[in-house]
Amino acid sequence: MNREEWIIHPGLNITAVILAGGSNRRYPTLKGLVEFRGRRLIERVIDALGIFEDIIIITNRPEAYFYLGLPMYGDVVDFRCPLSGIYTALLNINGDILVSACDMPLINRSLVEMLRKEAVERLSRFDAIVPIFNGKPQPLLSAYSRRILPAVEEWLRLKRCNMGGFLKEIKTYYLKEELIREIDPKGLSFININTPEDKEMAEGII
């Protein structure tokens, strides 16, 4: 699909984006490569996103992920945060994106399917499709329209990176928590591994 076709039919060209370019300050090794129940975290995320034809990785350590055989892009700004990863992804593709962090090992594939369906239906009218769980937005497993690119650029220029605040400034459609719980009652999809203790806790859950 070329750029003109996307403008007419936004939401139909969706690329899955794995954010693996963070600072990794709280984990002693590269998080995406951490073993979780016999598989690396990023491999589990790729499996969950397997319904997408196109999957890319945003990383500043491409050599660590060469073995995956997926397209990779490095952050284009030095200010590292999820918004900078989203910005890099949107600069490098023509279309909308569904974003996941690289350290979410328990993503429910049925939830991904629902998010893609909602994105296809709603990204013509909304800038973001974001699940709610435990009363909070879950921006790191959400869909975003390419239209947000100028807004993201402005936030990064001001070195602002609060995802919750950003969602309030764009046209966000929040998926109701009861709808999410029908698919993922415990919200396991939104668990991310920031520390070894997080990993131990997540492994205990399953």
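Residues numbered from 1 in each chain as written. Predicted model: local features only at pLDDT ≥ 70, side-chain atom pairs only at ≥ 80, totals over all residues. Heavy atoms only, no water.

1. Quick word on the pairing of strand β6 (residues 96–101)
Consideration 1: Where burial is concerned, most of β6 is hidden: six out of the six residues are buried.
Consideration 2: Relative to β6, strand β1 (residues 14–19) is paired through six bridges, and the arrangement is parallel. Considered in β6, the bridge of Ile-18 is made with Ser-100.
Consideration 3: Strand direction decides the pairing type here: β6 and strand β9 (residues 141–144), joined by four bridges, are antiparallel. (Buried < 20%, exposed > 50% of the residue type's maximum accessible area, 1.4 Å probe, protein only. Helix = DSSP H or I, 4+ residues; strand = E, 2+ residues; numbered from the N terminus. Pairing = 2+ DSSP bridges.)

2. With respect to the environment of Leu-49
Consideration 1: Relative to the helices and strands, Leu-49 resides in the loop between α2 (41–48) and β4 (55–58).
Consideration 2: Judged by its relative accessible area of 0%, Leu-49 falls in the buried class.
Consideration 3: Along the primary structure Leu-49 and Gly-135 are separated by 86 residues, whereas in three dimensions their C-alpha atoms are 25 Å apart.

3. Details of the state of the cysteines
Consideration 1: The final tally for this structure, using the stated rule, is one disulfide.
Consideration 2: One disulfide in the model links Cys-81 with Cys-161; its S-S distance is 1.8 Å. Of note, the bridge from Cys-81 to Cys-161 carries an S-S torsion of about 110 degrees and is right-handed in sense. One end of the pair, Cys-81, is in the loop between β5 (72–73) and α4 (82–92); the other, Cys-161, is in the loop between α6 (149–157) and α7 (163–169), with 80 residues separating them in the sequence.
Consideration 3: The structure places no disulfide on Cys-102, whose sulfur is separated from the nearest cysteine sulfur, that of Cys-81, by 15 Å.
Consideration 4: Among the residues examined, Cys-102 registers a relative accessible area of 7% and is labelled buried. (Disulfide = S-S within 2.5 Å.)

4. Section: the packing of aromatic side chains
Consideration 1: Evaluation of the coordinates by the stated rule reveals three aromatic pairs.
Consideration 2: One Lys or Arg, Lys-171, reaches over the ring of Phe-126 and ends 5.4 Å from the middle of that ring. (Phe/Tyr/Trp six-rings, centres within 6.5 Å; stacked < 30°, edge-to-face > 60°. Lys NZ or Arg CZ within 6 Å of the ring centre and 35° of its normal.)

5. Considerations on the nonpolar core
Consideration 1: Ranked by internal contacts, the top residues of the largest apolar core, which has 36 residues, are Ile-18, Ile-42, Leu-49, Phe-52, Tyr-65 and Leu-141.
Consideration 2: Of all the elements, helix α5 (residues 109–122) adds the most residues to this core, at five residues.
Consideration 3: The residues touching Ile-18, leaving out its near neighbours within four places in the chain, are Ile-42, Val-45, Ile-46, Leu-49, Ile-55, Ile-56, Ile-57, Ile-58, Ser-100, Ala-101 and Cys-102.
Consideration 4: Leu-83, Tyr-87, Leu-149 and Val-152 belong to the second largest nonpolar core, which has 25 residues in total. (Core = buried A, V, L, I, M, F, W, Y, C linked by side-chain atoms within 4.5 Å. Contact = heavy atoms within 4.5 Å.)

6. Quick notes on the confidence of the model for the protein
Consideration 1: Counting all residues, the mean pLDDT for the protein is 91, and 91% of those residues have values of 70 or more.
Consideration 2: The low-confidence segment residues 1–10 (pLDDT under 50) makes 17 contacts with residues lying over four places distant or belonging to another chain. (pLDDT = per-residue confidence, 0-100.)

7. A closer look at the pattern of salt bridges
Consideration 1: Counting across every chain of the model gives twelve salt bridges.
Consideration 2: Between Glu-118 and Arg-122 there is a salt bridge, with its nearest N and O atoms 2.5 Å apart. Of this pair, Glu-118 and Arg-122 both sit in helix α5, four residues apart, which is roughly one turn of the helix.
Consideration 3: By relative accessible area, Glu-118 is classed as buried at 10%.
Consideration 4: A relative accessible area of 18% means that Arg-122 is categorised as buried.
Consideration 5: Through salt bridges with shared partners, one network takes in Arg-39, Glu-43 and Asp-47. (Salt bridge = Lys/Arg side-chain N within 4 Å of Asp/Glu carboxyl O.)

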